[in-house]
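Observations on the model geometry
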Amino acid sequence: MSSSITLRHARHLSTATAAAAATSSNTTISISKAKSKLKAEHDPDKALEIYSSVSDRYISPLSSRYAQEYTVKRLAKSHRFSDIESFLESHKNSPKITQEPFLSSIIRSYGVAGMFDHALKIYHQMDDLGTPRSAISFNVLLSACVHSKQYDRVVKLFDEMPVKYGFLPDKVSYGILIRSYCEMGSPEMAMERLKEMEEKGVEITIVTFTTILHSFYKKGKNDDAEKVWNEMVKRGCGPDVGAYNVKIMNIQGGNPEGVKALIEEMNDAGLKPDTISYNYLMTCYCKNELMDEAQKVYEDLERNGCNANAATFRTLIFYLCKKGRFETGYKVFKESVRVNKIPDFNTLKYLVEGLVQRSKLKDAKGMSRTVKKKFPPNLVKAWTKLEEELGLAKVEAGDNGVQ
C-alpha cells in the first residue's frame, strides 16, 4: 500500500513540477499578482501552479526572481528538494540562460533552498551554457554559500574562483567574505582582508566596518571594537545609524542612560535614530523593569518620526505580561493588529494565558479569533489546541475578532 502511495505521490510531484516549468497557455496573471498570491500560499503544489500561470515572468530577472524564490521556499519548507531541482533546472532551457543576471537568479534560488552544491554546479556550467562570468554571478554564488551557512567554503571560493575564471572581486565580494569571517568568529582575519582591500584599491564600505564592529562586540572584545569605530571615523566612513545601532545593542542590557546618550549623540551628529534605535532603548528600560518609561518610548515613536515594527510589539507585550500588565498588553496587541505587525506565537500565548487568568474572557476570545485569521495554517492548528486547553474553544457567535 505504501509503495503505491509513494508512486502516485511521485507522479503528482512530477506533473506539478512540469506544469510550473512549462509556458502557461490558458489563464495567465501578472508577476505582481503572482508575488502577492505566493506570499499567502503555503501549499507547495499550489505555489507551483501560481508560478506556472505567470504570463511575463521572463520580462526581467529582477521581476521574476521574487516569484521564483517564493515558490522555492514553499517547496523547501516541505523538503521537496528533488522538485526544486527539476523546477530550477528547467529554467536552463530558456533562451535567457545566456544572460548572467538570469542564470544568477537560479544560483540564488538554490541558495535560498540551502542546496549550495547545486548552486556551485550550475556556476561551473556557465561556459557550457554560453553565459559570461563577472563579479555579479560570483557574488550571488558567495551569498548562496552564506545562506547555506558554509562560511569556510566562502573563503576557499574567494581565493580560487577569480583566479580560475579570470575576473576581479569587487567591494560586494569582499563584503561577503568579511561577513563569513565574522560569522566564523574571526573578525581578526576580517581586519587582515581590509588591508588587502586597501592595497587593491577596493572601496571599504561602512557596512563592512559595521560587520566587523558587531563581531568584536559579540566576542566581548570591546577594546578592539572601539579601535574599529575609531578607524571608521578616521577614514571618514561614517559612523551611520546602523553602526550606532550596533553600539547601542551591545549596551542595551545595562544603564538606559547609556543608550539615551548614544541616541542623543546620533542626533547631535545630524543622524536620525530609527525604530531599531528606539527599540533598543525600550528593551533596556524593560530589562531594568522600568515599564512606564518603556511605554513612553513606544508612545513617542511616531513623534520621533518612526513606526513600531513587529519587534517593538513583541518586546513590549512580552515584558508587560511578565509584569502582569495583561490588559495593557492587550491594548498594544490591538494596535499591532491594526498595523499588521502582530507578534509571534509564543508571545501571544503568554498574553492570552494571562487574560484568561485575569478572567478577561471576552478579550481572550476576541484575541483568539483574530490570531486564527492572521496566523498560517500550521500555527492555527497549534493555537486551536491552546484554545481547548484554556477553555476558549467555544467562541460566542457574536465574537468576530478584536474587541
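Residues numbered from 1 in each chain as written. Predicted model: local features only at pLDDT ≥ 70, side-chain atom pairs only at ≥ 80, totals over all residues. Heavy atoms only, no water.

The next point concerns the overall build of the protein chain. Within the protein chain, the secondary structure is distributed over 23 helices and zero strands. Of the contacts made within the protein chain by residues no fewer than 6 positions apart, 64% connect residues no fewer than 24 positions apart. Carbon and sulfur atoms form 51% of the exposed surface of the protein chain, whose accessible area is close to 20,200 Å². (Helix = DSSP H or I, 4+ residues; strand = E, 2+ residues; numbered from the N terminus. Contact = heavy atoms within 4.5 Å. Areas by Shrake-Rupley, 256 points an atom, 1.4 Å probe, with all protein chains shown as cover.)

The next point concerns a negative patch on the surface. A cluster of acidic residues, E257, E264, E265 and D268, forms a negative patch at the surface. By the element assignment, E264 lies in helix α16 (residues 256-268). For E264, a relative accessible area of 48% puts it in the partly exposed group. (Patch = residues over 30% accessible without salt bridge, like charges linked within 9 Å, V, L, I, M, F, W, Y side chains within 5 Å. Salt bridge = Lys/Arg side-chain N within 4 Å of Asp/Glu carboxyl O. Lys, Arg positive; Asp, Glu negative; His and termini not counted. Charge placed at Lys NZ, Arg CZ, Asp CG, Glu CD. Buried < 20%, exposed > 50% of the residue type's maximum accessible area, 1.4 Å probe, protein only.)

A complete count under the given rule lists twelve aromatic pairs for this structure. Considering the side-chain rings of F138 and F158, the 6.2 Å spacing of their centres and the 45° angle between planes classify their relative orientation as tilted. Of this pair, F138 sits in helix α9 (residues 135-147) while F158 sits in helix α10 (residues 151-165), and the two are 20 residues apart along the sequence. With respect to class, F138 is no different from F158; both count as buried. Ring centres of F318 and Y319 lie 5.1 Å apart, and the angle between their planes is 85°; this geometry places the pair in the edge-to-face category. Take F318: its relative accessible area is 32%, and that puts it in the partly exposed class. Connected via pairs of aromatic rings, a cluster forms that spans F138, F158, F167 and Y174. A cation over a ring is seen here: R133 above Y123, with NZ or CZ 5.0 Å from the ring centre. Across from the ring centre of W229, 4.0 Å away, lies the NZ or CZ of K247, which sits over that ring. (Phe/Tyr/Trp six-rings, centres within 6.5 Å; stacked < 30°, edge-to-face > 60°. Lys NZ or Arg CZ within 6 Å of the ring centre and 35° of its normal.)

One can describe the packing of helix α20 (residues 326-338) onto helix α21 (residues 345-357) by two numbers: an axis separation of 9 Å at closest approach and a directional angle of 130°. On the basis of the axis angle, α20 is oblique to α21. Once α20 is placed against α21, the crossing between them reads as left-handed. Every residue of α21 that contacts α20 at F326, G329, Y330 and F333 is listed here: L348, Y350, L351, G354 and L355. A breakdown of the residues in the contact of α20 with α21 according to their chemical character gives seven nonpolar, two polar and no charged. (Axes fitted to C-alpha atoms, helices over the stretch in contact; angles between N-to-C directions. Parallel < 35°, antiparallel > 145°, perpendicular 65-115°, else oblique. Left-handed = near helix turned anticlockwise from the far one by under 90°. Nonpolar A, V, L, I, M, F, W, Y, C, P; charged D, E, K, R; others polar.)

Examined against the element boundaries, S109 turns out to sit in helix α6 (residues 100-112). Exposure remark for S109: the relative accessible area of 0% places this residue in the buried category. Dropping the residues within four chain positions of it, S109 is found in contact with Q68, E69, V72 and L88.

This brings us to helix α12 (residues 187-200). Along its 14 residues, α12 runs 20 Å from first to last C-alpha, staying within 8% of the 20 Å computed at 1.5 Å per residue. For α12, the set of buried residues is P187, A190, R193, L194, E196 and M197. The buried residues of α12 occupy an angular sector of 165° when projected down its axis, which confines them to one face. Contact partners of the buried residues in α12: α10, α11 (171-183) and α13 (206-218). In the segment just after α12, G201 is the residue with positive phi, at about 75°. (Expected span 1.5 Å × (residues − 1). Arc of directions from axis to C-beta.)

As for its placement among the helices and strands, D240 is situated in the loop between α14 (222-234) and α15 (241-249). In the structure, D240 is positioned 33 residues away from V207 in sequence and 9.2 Å away in space, judged by C-alpha atoms. Excluding residues that lie within four positions of it along the chain, D240 makes contacts with I206, T210 and L271. Separated by 3.2 Å, the side chain of D240 and the backbone nitrogen of G242 make a polar contact. (Polar contact = N/O pair within 3.5 Å; in protein donor to acceptor, adjacent residues only side chain to side chain.)

Our focus in this paragraph is the environment of A135. Tracing the backbone shows A135 in helix α9. What makes A135 buried here is its relative accessible area of 11%. C-alpha of A135 to C-alpha of P162: the two residues are 27 residues apart in sequence and 8.5 Å apart in space. Once residues lying within four places of it in the same chain are set aside, the contact partners of A135 are F167, L168, D170 and S173.

The next thing to look at is the confidence of the model for the protein chain. The predicted model of the protein chain has a mean per-residue pLDDT of 87, with 88% of residues at 70 or higher. Every residue in residues 1-26 scores below 50 in pLDDT, and together they form 22 contacts with partners more than four places removed in sequence or on other chains. Contacts for the low-pLDDT stretch residues 395-401, under 50 throughout, to residues beyond four places or in other chains number eleven contacts. (pLDDT = per-residue confidence, 0-100.)

Non-glycine residue H79 carries a positive phi angle of around 60°. Residue placement: H79 occurs in the loop between α4 (61-77) and α5 (81-89). What makes H79 exposed here is its relative accessible area of 61%. For N340, which is not a glycine, the phi torsion comes out positive at approximately 55°.

The N-to-C vectors of helix α22 (residues 361-374) and helix α23 (residues 377-390) enclose an angle of 165°; their axes lie 9 Å apart at closest approach. As far as their axial angle goes, α23 and α22 are roughly antiparallel. Seen along the crossing, α22 lies across α23 with a hand that is left-handed. Contact residues: M367, S368, V371 and K372 in α22; V380, W383, T384 and E387 in α23. Each residue belonging to the contact of α22 with α23 can be placed in one class, and the counts come to four nonpolar, two polar and two charged.

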